[in-house]
Structures are given as structure tokens and as C-alpha cells.
Amino acid sequence: MSGIRLTVLAAVTLLGALLGATTIHAAAMRCSGEEQTCIAVCNKVAIKANLSACITTCGQRSAVCKRTGCWDNGTQQYCGLQRN
């Protein structure tokens, strides 16, 4: 076979393998995971005097998320989270 035919055959084989591969799903986003992320950010960036208020805000956002399935980080709201 010529070089071009081998290249095309290899490309078609690779494409077939990719299309036949099992799809890997990312873990579902959860309200509890967002709360943990929020608290981690508080611990990194909050002034120590404001740390308690920051963590309290994370808890309030988590409570809303568990009711609605939506997380509001203060600048963006995204929905469809698992409510646990």
C-alpha cells in the first residue's frame, strides 16, 4: 500500500475507535460540593476578620441551592445541581 492509503486507513481506524469508545461522564455537581468549594475559597482569600461572615454566606447559598438546585456565587448563577 502507498503511504497515503496507510495514512487514510490509520485515520479511519482511529476515528472508528474514538466513536466506539465508552463515554465517560463527569461527576454530577452537587450543592454540597459547591459549599465546600465556597468555604475553601473563604479560607484562602478572606481577611481573617471576615472569615466567619464568608463561611456563613456559603451556608446561606447552600441552603438556597438545596431548595432550588441553583447556586449563586454572587456574580453568576447556575442551575441543575443535585440538591444534596
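Residues numbered from 1 in each chain as written. Predicted model: local features only at pLDDT ≥ 70, side-chain atom pairs only at ≥ 80, totals over all residues. Heavy atoms only, no water.

### Some thoughts on helix α2 (residues 31-45)
Then step 1. Under the 1.5 Å per step criterion, the end-to-end length of α2 is 21 Å for 15 residues, consistent within 8% with the ideal 21 Å.
Then step 2. Of the positions making up α2, those classed as buried are Cys31, Glu34, Cys38 and Cys42. Across the axial projection of α2, the buried residues extend over an arc of 85 degrees, all falling on one side. Away from its buried face by more than 90 degrees, α2 exposes Gln36 and Lys44.
Then step 3. If you follow the buried residues of α2, they end up packed against α3 (51-68), β1 (70-72) and β2 (77-79). (Helix = DSSP H or I, 4+ residues; strand = E, 2+ residues; numbered from the N terminus. Expected span 1.5 Å × (residues − 1). Buried < 20%, exposed > 50% of the residue type's maximum accessible area, 1.4 Å probe, protein only. Arc of directions from axis to C-beta. Contact = heavy atoms within 4.5 Å.)

### Digging into the side chain of serine 62
Then step 1. By the secondary structure assignment, serine 62 is in helix α3.
Then step 2. Serine 62 has contacts with Cys31, Glu35 and Trp71, leaving out every residue within four places of it along the chain.

### Description of the state of the cysteines
Then step 1. As enumerated under the stated definition, the model contains four disulfides in all.
Then step 2. One disulfide bridge connects cysteine 38 with cysteine 58, the sulfur atoms lying 2.0 Å from each other. As the torsion about the S-S bond is roughly -80 degrees, the cysteine 38-cysteine 58 disulfide counts as left-handed. Here cysteine 38, found in helix α2, pairs with cysteine 58, found in helix α3; they are 20 residues apart in sequence, far enough to count as distant.
Then step 3. You can call cysteine 58 buried: its relative accessible area is 0%.
Then step 4. What pairs with cysteine 70 in a disulfide is cysteine 79, and their sulfur atoms sit 2.0 Å apart. An S-S torsion of about 110 degrees defines the bridge between cysteine 70 and cysteine 79 as right-handed. (Disulfide = S-S within 2.5 Å.)

### Digging into the packing of α2 against α3
Then step 1. Where α2 contacts α3, the axes come no closer than 9 Å and their chain directions differ by 165 degrees. Taken as axis vectors, α2 and α3 run roughly antiparallel relative to one another. Of the two elements, α2 crosses α3, and the hand of that crossing is right-handed. From α2, Cys31, Glu35, Cys38, Ile39, Cys42 and Asn43 reach across to α3, where they touch Leu51, Cys54, Ile55, Cys58, Gly59, Ser62, Cys65 and Lys66. (Axes fitted to C-alpha atoms, helices over the stretch in contact; angles between N-to-C directions. Parallel < 35°, antiparallel > 145°, perpendicular 65-115°, else oblique. Left-handed = near helix turned anticlockwise from the far one by under 90°.)

### A few points about the nonpolar core
Then step 1. One finds Cys31, Cys38, Cys42, Ala46, Leu51, Cys58, Cys65, Trp71 and Leu81 forming the largest nonpolar core, which totals nine residues.
Then step 2. Broken down by secondary-structure element, the contributors of at least two residues to this core are α2 and α3.
Then step 3. Those residues in contact with cysteine 42 that sit more than four places away from it in its chain are Leu51, Cys54, Ile55 and Cys58. (Core = buried A, V, L, I, M, F, W, Y, C linked by side-chain atoms within 4.5 Å.)

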